[in-house]
Amino acid sequence: SQGGMMDAGDVAEQPIHLINSGPSMAPVSGRYFAREDEGSDTAVIADTGGTTYDVSLVRRGRIPWTRETWIGQPYRGHMTGFPSVDVKSIGAGGGSIAWVDDGGMLHVGPQSAGAVPGPSCYGNGGDKPTVTDASLVLGYLDPEFFLGGSMSLDPEAARGAIERDVATPMGIGLEEAAAAIIAIATENMVQAIVDITVNQGIDPRDAILIGGGGAAGLNSTAIARRLGSGRVVIPEVGAALSAAGAMMSDLHSQYTRTFFATSEAFDADGVNAVLEQLEDRCSAFIDGPGQGSISQTIEFFAEARYPEQVWEIEVPLAKRRFESETDLQALISEFHKVHEDIFAINDQESGIEVVGWTASVKCRLKESESGSLAAVDTKLSVDDTRKVYFAETGYVDATVRRFEAMKAGEQLPGPAIIESPFTTVVVDPGATAERRASGSVSIVPGISPAAQ
């Protein structure tokens, strides 16, 4: 859950590291694609599954951590207090159920149809309208090409569920109801992104939006427009973004020692002794589980705060030891900078307290981080189209392309649908998609025709 791989023996002894470890891999691959495709070191990674929408960050090339990891529902379950990748999840995804309350208000989620019985269009006994059903009704999904054609969807079942549970209670048309479901789901996702970015001191307008999960492409363009993001990237392996991150990640371990120190009465000898002990443990890891790795890195961090603050923040150390007053001042300066990044405020006149010290060791196991799929020869015509409904335009003829048929550098203006066996990417009217050399689709969200 700290954004890397661990030795199996260590995991067996410390299984707490596995809590939320799946979603923690998404920002690892998100960091790679933001850098590879857009040359950016700041990204919002949004992983859309069937039940949850997981949001994580990359800030200046680093993946933020948190100790507020919950087992069960926040404030009702158990907080581990253990540092792990900061991932926020809400009940929104392809299987999220749309419903109308007694006051006539439309909601989407947090209830989900799950994989079994699944959305109404699956034909497995589910009878509730979901985001997937709405996407099918609007023409986003091809009922004959779901999962690459291995599963057929039932459009009539989707229409019936939305008509019965959403359109009729609200007194609106079928397509309008389906578009409203997508709009509500989009807004829920936007708010989740706003919450985590603002709390981490990131303006989402300055970040690349990386869309992962099988349902990411359905409304990522709309999400990027609401956020004001300049780019949204859907990696070729986006449907398995977390798994791709695990394949890209390094063998990793982290060691922490508590040793209280203040900037006013800094015990450099005591701190250096702690750092030396931590480095020895990292070296033992390199000689043990990391033996034979291509390269190794050791980084040190201080868990620091202003006096009497409740929570500490993680501050990277510029050097491995404190050899002079300059090194201490560098830590204080970096703390002020990190504090301002996160909270938009600092106190340059205040001293700091350091509660603990951390050493992180990473062993690189392979040369390439590439996350591309094998090339596939496809004969799909570039002229294929189908009717797709957008709230601002109504039905339009949208170009339909296969993901793997697009060449690197090729641009595709919206309205368009880009399909693969793993995901479907909706390029809204006014947006433009371009295939990157990595295999990703990079989208400039643009402005909707209704706003022009």
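The text that follows walks through the structure, step by step, so that each part is easy to find. (Residues numbered from 1 in each chain as written. Predicted model: local features only at pLDDT ≥ 70, side-chain atom pairs only at ≥ 80, totals over all residues. Heavy atoms only, no water.)

### As for helix 3 (residues 26–38)
So, point 1. Helix length check: helix 3 (13 residues) gives 17 Å between terminal C-alpha atoms against 18 Å at 1.5 Å per residue, within 8%.
So, point 2. Those residues of helix 3 that fall on the buried side of the exposure criterion are Ala26, Pro27, Val28, Ser29, Gly30, Tyr32, Phe33, Ala34 and Asp37.
So, point 3. Two residues or fewer after helix 3 comes Gly39, characterised by a positive phi angle close to 65 degrees. (Helix = DSSP H or I, 4+ residues; strand = E, 2+ residues; numbered from the N terminus. Expected span 1.5 Å × (residues − 1). Buried < 20%, exposed > 50% of the residue type's maximum accessible area, 1.4 Å probe, protein only.)

### Some details on the sheet that holds strand 1 (residues 43–48)
So, point 1. Spatially, the eight strands line up as an open sheet ordered 7-2-1-10-11-22-21-18, and their pairing is mixed. In the strand order of this sheet, the two ends are held by strand 7 (88–90) and strand 18 (411–413), each with one partner. With direction set aside, neighbouring strand axes in the sheet form an average angle of 20 degrees.
So, point 2. Bridge count for strand 10 (residues 208–212) against strand 11 (residues 232–234) is two bridges, and the pairing is parallel. Looking at the pairing, Ile210 lines up with Val233 of strand 11. (Pairing = 2+ DSSP bridges. Axes fitted to C-alpha atoms, helices over the stretch in contact; angles between N-to-C directions.)

### Looking at the packing of aromatic side chains
So, point 1. Evaluation of the coordinates by the stated rule reveals eight aromatic pairs.
So, point 2. Here the aromatic rings of Phe266 and Trp357 are separated by 6.4 Å at their centres, their planes lie at 70 degrees, and the arrangement is edge-to-face. A residue pair is termed long-range when its members are at least 10 positions apart, and Phe266 in the loop between strand 12 (251–262) and helix 9 (268–287) and Trp357 in strand 15 (residues 353–364) qualify at 91 residues.
So, point 3. Classification of Trp357 by relative accessible area gives buried; the value is 0%.
So, point 4. Residues Tyr306 and Phe335 carry aromatic rings whose centres are separated by 4.8 Å and whose planes lie at 85 degrees to one another, so their mutual orientation is edge-to-face. In this pair, Tyr306 is assigned in the loop between strand 13 (295–305) and strand 14 (313–316) and Phe335 in helix 10 (residues 325–343), connecting sequence segments 29 residues apart. Each of the two residues, Tyr306 as well as Phe335, counts as buried.
So, point 5. An aromatic cluster of three or more residues is present, and its members are Phe266, Phe322 and Trp357. (Phe/Tyr/Trp six-rings, centres within 6.5 Å; stacked < 30°, edge-to-face > 60°.)

### Looking at the nonpolar core
So, point 1. Residues Leu138, Tyr140, Leu153, Ile162, Val166 and Ile181 are the most contacted members of the largest nonpolar core, which totals 36 residues.
So, point 2. Once residues within four sequence positions are removed from consideration, Ile181 is found in contact with Ala98, Leu106, Val108, Thr130, Val131, Ala134, Ile162 and Val166.
So, point 3. In this structure, Ala261, Ile286, Phe322 and Trp357 belong to the second largest nonpolar core, which totals 32 residues. (Core = buried A, V, L, I, M, F, W, Y, C linked by side-chain atoms within 4.5 Å. Contact = heavy atoms within 4.5 Å.)

### A few points about the sheet that holds strand 16 (residues 385–390)
So, point 1. The strand order 16-17-19-20 describes an open sheet built from four strands, whose pairing is mixed. One side of each edge strand has no neighbouring strand; the edge strands of this open sheet are strand 16 and strand 20 (424–427). Adjacent strand axes in the sheet meet at a mean angle of 35 degrees, parallel and antiparallel pairs treated alike.

### What about helix 9?
Each α-helix winds once per 3.6 residues, and so residues spaced three or four apart point in a common direction.
So, point 1. Over its 20 residues, helix 9 extends 28 Å from the first C-alpha to the last, a length consistent with the 28 Å expected when each residue adds 1.5 Å.
So, point 2. For helix 9, the set of buried residues is Gly270, Val271, Asn272, Val274, Leu275, Leu278, Glu279, Cys282, Phe285 and Ile286.

### Considerations on the packing of helix 6 (residues 174–199) against helix 7 (residues 220–227)
So, point 1. Following both chains from N to C, one finds helix 6 and helix 7 inclined at 50 degrees, their axes separated by 10 Å at the closest point. Between helix 6 and helix 7, the crossing angle belongs to the class labelled oblique. For the crossing formed where helix 6 meets helix 7, the hand is right-handed. On helix 7, the residues touching Thr186, Glu187, Met189, Val190, Gln191, Ile193 and Val194 of helix 6 are Ala222, Ile223, Arg226 and Leu227.
So, point 2. In terms of residue class, the contact of helix 6 with helix 7 is made up of seven nonpolar, two polar and two charged. (Parallel < 35°, antiparallel > 145°, perpendicular 65-115°, else oblique. Left-handed = near helix turned anticlockwise from the far one by under 90°. Nonpolar A, V, L, I, M, F, W, Y, C, P; charged D, E, K, R; others polar.)

### With respect to a nonpolar patch on the surface
So, point 1. On the surface, Met79, Val310 and Trp311 cluster together into a nonpolar patch covering about 330 Å² of accessible area.
So, point 2. Position of Val310 among the secondary structure elements: in the loop between strand 13 and strand 14. (Patch = residues over 30% accessible without salt bridge, like charges linked within 9 Å, V, L, I, M, F, W, Y side chains within 5 Å. Areas by Shrake-Rupley, 256 points an atom, 1.4 Å probe, with all protein chains shown as cover. Salt bridge = Lys/Arg side-chain N within 4 Å of Asp/Glu carboxyl O.)

### Re the pairing of strand 19 (residues 416–419)
Each regular strand carries side chains that alternate between the two faces of the sheet.
So, point 1. Covered by surrounding structure in strand 19 are Ala416 and Ile418 together with Ile417 and Glu419, the residues of both alternating faces.
So, point 2. Relative to strand 19, strand 17 (residues 394–402) runs parallel, the two being bridged by four bridges. Bridging from a neighbouring strand, Thr399 pairs with Ala416 of strand 19.
So, point 3. Relative to strand 20, strand 19 is paired through four bridges, and the arrangement is antiparallel. When the sheet's bridge partners are listed, Ala416 is paired in strand 20 with Val427.
So, point 4. Counting the residues that bridge the hairpin from strand 19 to strand 20 gives four residues.

### A look at the environment of Asp250
So, point 1. As for its placement among the helices and strands, Asp250 is situated in the loop between helix 8 (241–248) and strand 12.
So, point 2. Classification of Asp250 as partly exposed rests on a relative accessible area of 26%.
So, point 3. It is 5.9 Å that separates the C-alpha atoms of Asp250 and Lys362, two residues lying 112 residues apart in sequence.
So, point 4. Not counting chain neighbours up to four residues away, the residues in contact with Asp250 comprise Gly4, Met5, Lys362, Cys363 and Arg364.

### Some points on the state of the cysteines
So, point 1. Per the counting criterion, the structure on display carries zero disulfides.
So, point 2. As a non-bridged cysteine, Cys363 has Cys282 as the owner of its nearest cysteine sulfur, 9.2 Å distant.
So, point 3. Since its relative accessible area comes to 0%, Cys363 is described here as buried. (Disulfide = S-S within 2.5 Å.)

### Quick word on the pattern of salt bridges
So, point 1. Tallied over the entire structure, the rule returns 22 salt bridges.
So, point 2. Glu410 is paired through a salt bridge with Arg401; the nearest N and O atoms lie 2.5 Å apart.
So, point 3. As a salt-bridge pair, Glu404 and Arg402 come within 2.3 Å of each other at their nearest N and O atoms.
So, point 4. What makes Arg402 buried here is its relative accessible area of 18%.
So, point 5. Within this structure, Glu38, Arg231, Glu434 and Arg436 form a network of salt bridges that share partners.

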